[in-house]
Amino acid sequence: MIDSFPFDEWSEDIAAFWTFGPGNSTGTYVLTVLGILVMVAAFVGFVWLENRKLQAQAELLRAAGGIPAPGGVPPGPGPSQPPLAGPSTHPGE
Amino acid sequence: MASLLAQATQIEDQLGLDSAILAEQFYFYTVVVMWLIHIGFMAYEGGASRRKNVMSTAMKNILTIAVVTPSFYYFGWYIYGCFQHGGPAEGHAGPAEFPGFCGATAPWSDAMGPNLQDHISAVFFLAFLLFSWTTGSIMSGAVIERIRLSAYLILTMLLGSAVWIMDAAWGWSSGGWLVTRFGFHDSIASLVVHGVAGAFALGVLLNLGPRIGKYDRAGLARTFRGHNTHLTLMGLMLIFTGFYGFYAACLVIQSTIQPGWLNIYLSPTTLGAIAFVITVGFAGGFTGGWFASKGDPFWTLSGGLAGVISVSAGADVYHPSLAYILAISGGMLAVWSGLWIERKLRVDDAVGAVAVHGVCGFYGVLLVGIFAGGFPTGVNNVETSLGGQVMGMLAFFPLAFLPGYIVSWVLKYFNLLRVPPEVELEGLDMAEFQADFFPEFERVPETIVLPSGEEVESAPVLLEAFADVNGRSASAERRMS
């Protein structure tokens, strides 16, 4: 029965369909440009957000009146920014 | 007669379709197997990092995929298709008029999306994308525990989607100028993936500097204790497993013509030949690494990786016995060069990536010039030679080292390369994620191994080193003001 399906017709119909049009068309040029813009924005976001986090933590540590004892401080009592959104990774919270 | 001809045509069409679908499935599953390389990198580097940096280390590996994938789709694949002659291919009259394979690599082409007539382009692209992740990830381990995540992402995007793929266009394609003019032969990417990533990482490390406390005031190297060596070794074993997918994906299926397989230069080979060499390469590399390091577990396994990298360039032509011997030498070279880089060059490469991938990648290409000279490489049958291999090395070292050095220098200039020293001392996970990722495990004091071999609590050592770093920063600020 499967051989009786009109694959050729379907293939032609499906091949003609592509979100925003087939290759080398205005639609694919626009999508490409949009994708590149989003990618660049993501890079800027990575830099900006991380810089904010690092500077905030460094300020907290300086304001705490000393430098952290490396490797010996449990995460709870030490200076810390507010936890990230989502399930807590701090025991007891 | 007409009926027979019609039947023959039908059979021919069917064979063509079967062959295309076979190739499509083959590359798809190499991609699945190659994911193991990235699971492995994450485990390997996570285990090598101290407890306070575990998640920031792992996040680098995960987000490598997030940044290299789009940048390779938009730019990297086009570089591979269109820069094989050195500069961009001629004929760029308009975006729809790129010539030949170059045209199929533009992100808006009909080969770069759903296409019922094309079974190959998408999976071939994906296989190369996985090579790009791998290349970007090689640098990842070298820079752990002090680089900013965002700086790493910029650098890995550059390495994975521009630098390595440019050298692949030049020396790892049938039309690359190094191949067609000099017979450059690096069939399973000793240099074009590993060597280049190692050279790029070296450029970054020179600007990044060592972790706080890595060297004492006399310049002697201390050793940090990774929080889970077993995890590191398991990661390496996963990388090795994924390497079989990597090796297989480096071949081209041509199932309608004997022997059915071609290397990346379209010279005939077999899957069995390269499987021979990779397996024997691990055996030799483990052996060399074990003896050179006197049984150190980290270097024994890294020796396996180095052994394979050393024989990859000639994996399609080496006899297994030759590969075994050469891989032993590669495993030993990785250990010796790694210790030299750490102790004499005073470059803090946390996982020995420059030695294992960089030094052995270049070594592997040199070995082909010595042991496989005269092999007719590529569609032009240009004989491989020592001179041609050296030509490739001379072209690729600056191509890799300079972008890594220059871009990391720029990031350093804007204070975007390295985390603040306080954050480094406390551990990156608290600043990045506000969490310890082993919350139910009791904390024990972190230790460090002194140059004398004595293992001591790290806090006093690191605090003293921190004071030195801060002193230097303060005096630099005074000079600036």
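Residues numbered from 1 in each chain as written. Chains lettered and ligands numbered in written order. Predicted model: local features only at pLDDT ≥ 70, side-chain atom pairs only at ≥ 80, totals over all residues.

Engineer: What am I meant to see in the overall build of chain A here?
Structural biologist: Broken down by element type, chain A carries two helices and zero strands. Buried positions account for 12% of the 93 residues belonging to chain A. (Helix = DSSP H or I, 4+ residues; strand = E, 2+ residues; numbered from the N terminus. Buried ≥ 20, exposed ≤ 12 C-beta atoms within 10 Å, placed from the backbone.)

Engineer: Honestly, the overall build of chain B in this entry has me stumped. Any pointers?
Structural biologist: If you tally the helices and strands in chain B, you get 16 helices and eight strands. The C-alpha atoms of chain B give a radius of gyration of 24 Å, which matches the 23 Å a tight globule of 481 residues would have. Dimensions of chain B, computed from the C-alpha atoms along their principal axes, are close to 90 × 50 × 45 Å. Here chain B holds 481 residues, and 56% of them are scored as buried. Here the contacts in chain B between residues at least 6 apart in sequence split such that 76% fall between residues at least 24 apart. (Rg over C-alpha atoms; globule rule 2.2 N^0.38 Å. Contact = placed C-beta atoms within 7 Å.)

Engineer: Where do I start with the sheet that holds strand β1 (residues 223-224) of chain B in this structure?
Structural biologist: Two orientations exist for strands paired in a sheet by backbone hydrogen bonds: parallel and antiparallel. Residue and element names in this part refer to chain B. Taking strand neighbours across the sheet as the criterion, the three strands line up as β1-β7-β8 in an open arrangement whose pairing is antiparallel. Bordering the open sheet on either side are β1 and β8 (455-457), each of which pairs with just one other strand. In terms of strand pairing, β1 meets strand β7 (residues 447-449) through two bridges, oriented antiparallel. Bridge pairing in β7 links Phe 224 to Ile 448. (Pairing = 2+ DSSP bridges.)

Engineer: Quick question: what am I supposed to make of the sheet that holds strand β2 (residues 252-253) of chain B here?
Structural biologist: Residue and element names in this part refer to chain B. The three strands are arranged β2-β3-β4 in an open sheet whose pairing can be described as antiparallel. Since the sheet does not close on itself, it has two edges, and those belong to β2 and β4 (268-269), each with one partner. The pairing of strand β3 (residues 261-262) with β4 spans two bridges and is classified as antiparallel. Looking at β4, one finds that Leu 262 is bridged to Pro 268.

Engineer: Looking at this structure, how should I read the packing of helix α9 (residues 271-292) of chain B against helix α10 (residues 297-312) of chain B?
Structural biologist: Between two packed helices, the angle of one axis relative to the other and the distance separating the axes together describe the packing. Residues and elements named next belong to chain B. The geometry of α9 relative to α10 is characterised by a closest axis approach of 6 Å and an angle of 135° between their N-to-C directions. On the basis of the axis angle, α9 is oblique to α10. Between α9 and α10 lies a crossing whose hand is right-handed. Every residue of α10 that contacts α9 at Val 277, Ile 278, Gly 281, Phe 282, Gly 284, Gly 285, Phe 286, Gly 288, Gly 289, Trp 290 and Ala 292 is listed here: Trp 299, Thr 300, Ser 302, Gly 303, Gly 304, Leu 305, Ala 306, Gly 307, Val 308 and Val 311. (Axes fitted to C-alpha atoms, helices over the stretch in contact; angles between N-to-C directions. Parallel < 35°, antiparallel > 145°, perpendicular 65-115°, else oblique. Left-handed = near helix turned anticlockwise from the far one by under 90°.)

Engineer: Honestly, the packing of helix α2 (residues 26-63) of chain A against helix α5 (residues 149-171) of chain B in this entry has me stumped. Any pointers?
Structural biologist: For the pair α2(A) and α5(B), interaxial distance at closest approach is 8 Å and the crossing angle is 155°. When the axes of α2(A) and α5(B) are compared, the pair comes out roughly antiparallel. For the pair α2(A) and α5(B), contact is made by Phe43(A), Phe46(A), Val47(A) and Glu50(A) and by Leu149(B), Ser150(B), Leu153(B) and Ile154(B), respectively. Taken together, the residues that form the contact of α2(A) with α5(B) break down as six nonpolar, one polar and one charged. (Nonpolar A, V, L, I, M, F, W, Y, C, P; charged D, E, K, R; others polar.)

Engineer: Explanation requested: unusual backbone geometry in the structure shown.
Structural biologist: For residues other than glycine, phi is negative in most cases, and the peptide bonds are mostly trans. Residue and element names in this part refer to chain B. Cis geometry is adopted by the peptide bond preceding Pro 259, which originates at Gln 258 and carries an omega value of 0°. Among the secondary structure elements, Pro 259 is positioned in the loop between β2 and β3. Even without glycine at this site, Glu 145 takes up a positive phi of about 80°. Mapping Glu 145 onto the fold places it in the loop between α4 (121-142) and α5.

Engineer: What am I meant to see in the environment of Tyr73(B) here?
Structural biologist: Residues and elements named next belong to chain B. Relative to the helices and strands, Tyr 73 resides in helix α2 (residues 54-82). Judged by the 19 C-beta atoms lying within 10 Å of it, Tyr 73 is partly exposed. In sequence terms Tyr 73 and His 319 are 246 residues apart; their C-alpha atoms lie 37 Å from each other.

Engineer: Explain the nonpolar core to me, please; I cannot follow it from the model alone.
Structural biologist: Where a protein is soluble and globular, its nonpolar side chains tend to be buried together. In terms of nonpolar packing, the biggest core is built from 138 residues, with Met139(B), Val196(B), Phe200(B) and Ala201(B) touching the most fellow members. Looking at which element gives the most residues to this core, the answer is α5(B), with 16 residues. Setting aside anything within four residues of it in sequence, one finds Met139(B) in contact with Leu155(B), Thr156(B), Leu159(B), Ala197(B), Phe200(B), Ala201(B), Val204(B) and Ala353(B). Membership of the second largest hydrophobic core comes to six residues, among which are Leu54(A), Val419(B), Met430(B) and Ala431(B). (Core = buried A, V, L, I, M, F, W, Y, C linked by C-beta atoms within 7 Å.)

Engineer: Whenever I open this one, the confidence of the model for chain A confuses me. Can you help?
Structural biologist: Keep in mind that low pLDDT regions are not for reading the predicted coordinates in detail. Overall, the prediction assigns chain A a mean pLDDT of 72, with 48% of residues at 70 or greater. Across residues 72-77 of chain A the pLDDT falls below 50, and counting only partners more than four positions away or on other chains, this stretch makes twelve contacts in the model. (pLDDT = per-residue confidence, 0-100.)

Engineer: I keep staring at α5(B) and nothing clicks. Help me out?
Structural biologist: Residue and element names in this part refer to chain B. Given a rise of 1.5 Å per residue, 23 residues ought to cover 33 Å, and the 31 Å separating the end C-alpha atoms of α5 matches this to within 8%. Largest kink in α5: about 35°, centred on Leu 159. Counting buried positions along α5 yields 22 of 23 residues, so the element is predominantly enclosed. (Expected span 1.5 Å × (residues − 1). Bend = angle between axes of the 7 residues up to and from the residue.)

Engineer: Just to check I follow, could you spell out the environment of Gly198(B) for this structure?
Structural biologist: Residue and element names in this part refer to chain B. Among the structural elements, Gly 198 can be located in helix α7 (residues 190-208). Placed 160 residues apart in sequence, Gly 198 and Gly 358 show a C-alpha to C-alpha distance of 3.7 Å. When neighbours within four sequence positions are excluded, Gly 198 is seen to be in contact with Ile 138, Ala 353, Val 354, His 357, Gly 358, Val 359 and Gly 361.

Engineer: For this particular structure, what's the right way to read the environment of Gln258(B)?
Structural biologist: Tracing the backbone through its elements, the reader meets Gln258(B) in the loop between β2 and β3. The spatial distance from the C-alpha of Gln258(B) to the C-alpha of Gly198(B) is 37 Å, given a sequence separation of 60 residues.

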